[in-house]
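# Coordinate inspection notes
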Amino acid sequence: MRNTLATKLLFELSQPGRRAGLMPACDVPERPAEELLPGECVAVKPPPLPELAEPDVVRHYANLSQQNMSVDTHTYPLGSCTMKYNPKRNERFAALPGMANVHPYQPDESLQGMLQLLYEMQEILAEIGGLDAVSLQPAAGAQGELTALLVAAAYYRDTHQESRRKVLIPDSAHGTNPASAAMAGFDTVTVKSTPKGYVDMDDFRSKLDETVAVFMITNPNTLGMFDREIKRIADEVHEAGGMIYLDGANMNAILGVTRPGDFGADMMHYNPHKTFSGPHGGGGPGAGPIAVRAKLEPYLPSPVVEKTPSGYRLAYDRPKSIGRVRSFFGNTGVLVRAYSYICTHGPDGLKRVAENAVLNANYLLSRVKHIFPVPQGDRCMHEFVASAGQLKADKGISAMDIGKRLLDHGFHAPTVYFPPIVKEAMMVEPTETESKASLDALTATLFRITEEDAEFLHDAPHTTSTSRPDEVAAARTPVLSWKPE
Ligand SMILES: *Cc1c(COP(=O)(O)O)cnc(C)c1O
């Protein structure tokens, strides 16, 4: 429990005259401020800063840091987001002075270590994806999507195929997919899913023609299902002259098992902050490297890292490039952590990561499906989508109630109400490092919540400092500063 002081703001705790430390008296002869600064710049009274002792400040921030849930403190089964444990060795590696203190304006010769790491990362991501060339520049998965689609648009312009205007996207896709396609100037067309969550082949074929530029697909998809028709889909899109974009946010389920390039993808993005264990949350930081087939390589953003006989260099001389999409080399801090993770595991280790992610999700699915139906089936990849639809009809308990009540029990909520094609959806992704004990505890808690009083659940969470904020208002009109009442 928190005492009442712990929930107060620093300004509310302020007591005149309190100090964290006392400076010795000034021994420099004072000159009036007006002699040093133009008159209108001189403050007439000191700024109204909170006055506090050091322990007050430390407790304030330590308490604040615990009003949130994190992978380091709680099980965090937030589907789609892949909230993996963040190995601490990645942090030590990223904090090395040669990694943390390099400056992007240093000459290439003095950046050889960082450039080598980035070059090797390009090679590694090409290999894992089964594709030919990589840009590390995009700052997030969504920006990777946009970048790859701009690359595709540049390719079609360059090869006089401007009539290819359509991007096909399954209705189970992440919202960023249609947004990226629209921002890149394409017309988006939705392709239906079957009740099992796969691409509806009839609907797909009815929408495939010579105006299709790209088919954007997430595989495994957001329902945690691997679409076995993917090769057929890719072949048909290729026959029609289009390309396949693979949203690689779910690569953690297939690392080392299969490669997007092998099942027909021409372009893809990675989310190193998901797949390769980079810490993320609250909107960042992330990275969104893209991998593409050789024919698209000339259009990738500039610069790329090149290896030459005299060392590594940033190559800007790329006349067909779409240009920069991000300052400097991208979010290198995230890439350094991902590199550390990949090298720690090695090829066999990465494959085991994927196998364990799938094993954990299937174990949890087998326990949970007795409480909540999972409309898409008895097996899944790295995540699954359970439905609280029946529970809502029977007892008035919604997916939101369950998610909120889980917070009281020390679990982060699963993703709720996404994807929209499942009623009262709860999208659960345990990640591979959760133990059987923590998965069992989560199952037991979910079961317990379904037995609780619906009215009580509508007001959950009961133990957090804020219960149910207006999430839309919090995002649209955030209050970011404190004002006295
Ligand atoms: C997370 C995610 C994205 C977007 O990635 P960001 O790095 O958050 O921009 C796109 N597609 C899917 C399926 C995702 O899960």
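Residues numbered from 1 in each chain as written. Predicted model: local features only at pLDDT ≥ 70, side-chain atom pairs only at ≥ 80, totals over all residues. Heavy atoms only, no water.

### Concerning the domain arrangement of the chain
On domain assignment, one finds that the chain holds domain 1 (10-66), domain 2 (90-344) and domain 3 (347-474). Of note, the centres of domain 2 and domain 3, computed from C-alpha atoms alone, are 29 Å apart. Tallying the contact residues gives 25 residues for domain 2 and 23 residues for domain 3. Taking both partners together, domain 2 and domain 3 bury about 1800 Å²; carbon and sulfur atoms supply 64% of that area. (Domains from an automatic or database assignment. Contact = heavy atoms within 4.5 Å. Buried area = accessible area lost by both parts, 1.4 Å probe.)

### Some thoughts on the sheet that holds strand β12 (residues 425-428)
An order of β10-β12-β11 is seen for the three strands of this open sheet, with the pairing classed as antiparallel. The sheet is open, and its two borders are formed by β10 (384-387) and β11 (415-416), each paired with just one other strand. The pairing of β10 with β12 spans four bridges and is antiparallel. Within β12, the residue paired with A386 across the bridge is M426. Strands in contact with helix α12 (residues 332-368) are β10 and β12; relative to β10, the strand with the most contacts, it is inclined by about 15 degrees. (Pairing = 2+ DSSP bridges. Helix = DSSP H or I, 4+ residues; strand = E, 2+ residues; numbered from the N terminus. Axes fitted to C-alpha atoms, helices over the stretch in contact; angles between N-to-C directions.)

### Considering helix α7 (residues 141-158)
Helical geometry: 3.6 residues make up each α-helical turn, so side chains three or four residues apart lie on a common side. The terminal C-alpha atoms of α7, which comprises 18 residues, lie 26 Å apart, in line with the 26 Å expected from a rise of 1.5 Å per residue. Of all the 18 residues making up α7, 13 are buried; the element is thus mostly covered by neighbouring parts of the structure. (Expected span 1.5 Å × (residues − 1). Buried < 20%, exposed > 50% of the residue type's maximum accessible area, 1.4 Å probe, protein only.)

### Thoughts on the site of the ligand
In the neighbourhood of the ligand, 13 residues make up the surrounding shell, with G141, A142, D247, H273 and K274 lying closest. Contact distances for the ligand include 2.5 Å between a nitrogen atom and a side-chain N or O atom of D247. For the ligand, whose unbound accessible area comes to 380 Å², protein coverage reaches 87%. Contributing elements (two or more residues each) for the shell around the ligand: α7 and α11 (272-275). (Near = heavy atom within 4 Å. Polar contact = N/O pair within 3.5 Å; in protein donor to acceptor, adjacent residues only side chain to side chain. Areas by Shrake-Rupley, 256 points an atom, 1.4 Å probe, with all protein chains shown as cover.)

### What about the environment of P303?
By the secondary structure assignment, P303 is in the loop between β7 (290-292) and β8 (304-308). The exposure class assigned to P303 is buried, which follows from its relative accessible area of 10%. Put simply, P303 and G79 are 224 residues apart on the chain and 34 Å apart in space, counted from C-alpha to C-alpha. Residues contacting P303, with those up to four places away along its chain left out, are Q137, L314, A315, Y316 and R324.

### Some details on the sheet that holds strand β3 (residues 187-191)
Pairing in this open sheet of seven strands is mixed, and the strands run β1-β7-β6-β5-β4-β2-β3 from one edge to the other. Of all strands in the sheet, those with a lone pairing partner are β1 (133-135) and β3, marking the two edges. On average, each strand axis in the sheet is inclined to that of its neighbour by 20 degrees, with strand direction left out of account. Here strand β4 (residues 212-218) pairs with strand β5 (residues 243-247) via five bridges, running parallel. Within β5, the position partnered with I217 by the bridge is L246. Its contacts with the sheet place helix α8 (residues 176-183) against β2 (166-170), β3, β4 and β5, and it is angled at close to 175 degrees to β2.

### Things to note about unusual backbone geometry
Residues S302 and P303 are joined by a peptide bond in cis, for which omega reads -10 degrees. With omega at -5 degrees, the peptide bond leading from F418 into P419 counts as cis. Look at S277: it is not a glycine, yet its phi comes out positive at around 70 degrees. One can find S277 in the loop between α11 and β7. A relative accessible area of 1% places S277 in the buried class. The phi torsion at T431 lies on the positive side, around 70 degrees, for a residue other than glycine. In this fold, T431 is placed in the loop between β12 and α15 (436-450). Exposure remark for T431: the relative accessible area of 2% places this residue in the buried category.

### Some words on the nonpolar core
Within the largest apolar cluster, 60 residues are counted, with the highest numbers of intra-cluster contacts made by I128, F204, F215, I233 and F276. Among the secondary structure elements, those contributing two or more residues to this core are α6 (112-129), β3, α9 (201-207), β4, α10 (230-239), β5, β9 (311-315) and α12. It is α12 that contributes the most residues to this core, eleven residues altogether. Both domain 2 (90-344) and domain 3 (347-474) contribute no fewer than three residues apiece to this core. Filtering out sequence-adjacent residues up to four positions away, I233 remains in contact with V199, M201, F204, F215, I217, D227 and I244. Membership of the second largest hydrophobic core comes to 27 residues, among which are A148, L296, Y299 and L300. (Core = buried A, V, L, I, M, F, W, Y, C linked by side-chain atoms within 4.5 Å.)

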